[in-house]
Amino acid sequence: MVVTLPSDYRPSEDEEFMNALQQEYFRQKLLRWRHELLREAGATLNSLSAGGITEADLTDRASVETDRALELRTRDRARKLISKIDQAIERIANGTYGYCEETFEPIGLRRLEARPIATLSIEAQERHERMEKVHRDD
């Protein structure tokens, strides 16, 4: 089923949760985010492959190396984020997107708007973080 999304569409609490329009809205949002991350990764790859470090000064060379290391860490985070975006798109396809993995209750539009890759409701996420803190403090 092809869903045409009005250009000014925003999900609303007044409509059925995760109806076809909401699913298409979040699918497009996730695809745009993924495209932007891939574009940035391509730009990074081009800049890193453009050449070696030409700075003669040791301090300048160290600064460039630090910048490159930071950029590579950022790209690694983006790679992991792309994987989570792909998983969210798969959840849209199989009808589980927008529902908490633990409670199976709706995650909520405001949370999905802020974090479209969310897999837990706010309550479940808070419980999860409390458990991590307890186990980390041991």
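Scroll up to find the structure this text is about.
The structure reproduced in this document is the subject of the present report. Source: prediction; values computed, not measured.

1. A closer look at the pattern of salt bridges
Pairing between side chains becomes possible if they bear opposite charge and their charged atoms approach one another. Here the structure, examined in full by the defined rule, presents 9 salt bridges. The salt bridge partner of Lys29 is Glu113, with a shortest N-O separation of 2.6 Å. You can see Lys29 sitting in helix α1 (residues 20–49) and its partner Glu113 sitting in helix α3 (residues 109–114), a full 84 residues away along the chain. What makes Glu113 partly exposed here is its relative accessible area of 29%. Linking Asp76 and Arg79 is a salt bridge whose minimum nitrogen-to-oxygen distance equals 2.6 Å. In this pair, Asp76 and Arg79 are both assigned in helix α2 (residues 58–94), 3 residues apart and thus about one turn of the helix distant. Via salt bridges that share partners, Glu40, Glu71 and Arg75 belong to a single interconnected network.

2. Notes on unusual backbone geometry
Here Met18, not a glycine, exhibits a phi torsion of approximately 55°, which is positive. One can find Met18 in the segment before α1. Backbone geometry places Phe104, a non-glycine residue, at a positive phi of 65°. For Phe104, the location among the structural elements is in the loop between α2 and α3. What makes Phe104 exposed here is its relative accessible area of 60%.

3. Points about α2
With 37 residues, α2 should cover 54 Å at 1.5 Å per step; its first-to-last C-alpha distance of 54 Å lies within 8% of that length. Taken as a whole, α2 has its buried residues at Arg75, Ala78, Leu81, Ile82, Ile85, Ala88, Ile89, Arg91 and Ile92. In the segment just after α2, Gly95 is the residue with positive phi, at about 85°.

4. A short note on the environment of Ser12
Following the sequence through the fold, Ser12 ends up in the segment before α1. Separated by 97 residues in sequence, Ser12 and Leu109 place their C-alpha atoms 7.6 Å apart. Polar contacts involving the side chain of Ser12 include one to the main-chain amide nitrogen of Asp14, which spans 3.0 Å.

The rules behind these values
Residues numbered from 1 in each chain as written. Predicted model: local features only at pLDDT ≥ 70, side-chain atom pairs only at ≥ 80, totals over all residues. Heavy atoms only, no water. Salt bridge = Lys/Arg side-chain N within 4 Å of Asp/Glu carboxyl O. Helix = DSSP H or I, 4+ residues; strand = E, 2+ residues; numbered from the N terminus. Buried < 20%, exposed > 50% of the residue type's maximum accessible area, 1.4 Å probe, protein only. Expected span 1.5 Å × (residues − 1). Polar contact = N/O pair within 3.5 Å; in protein donor to acceptor, adjacent residues only side chain to side chain.

Everything listed here is a matter of coordinates, which is why it stays silent on function.
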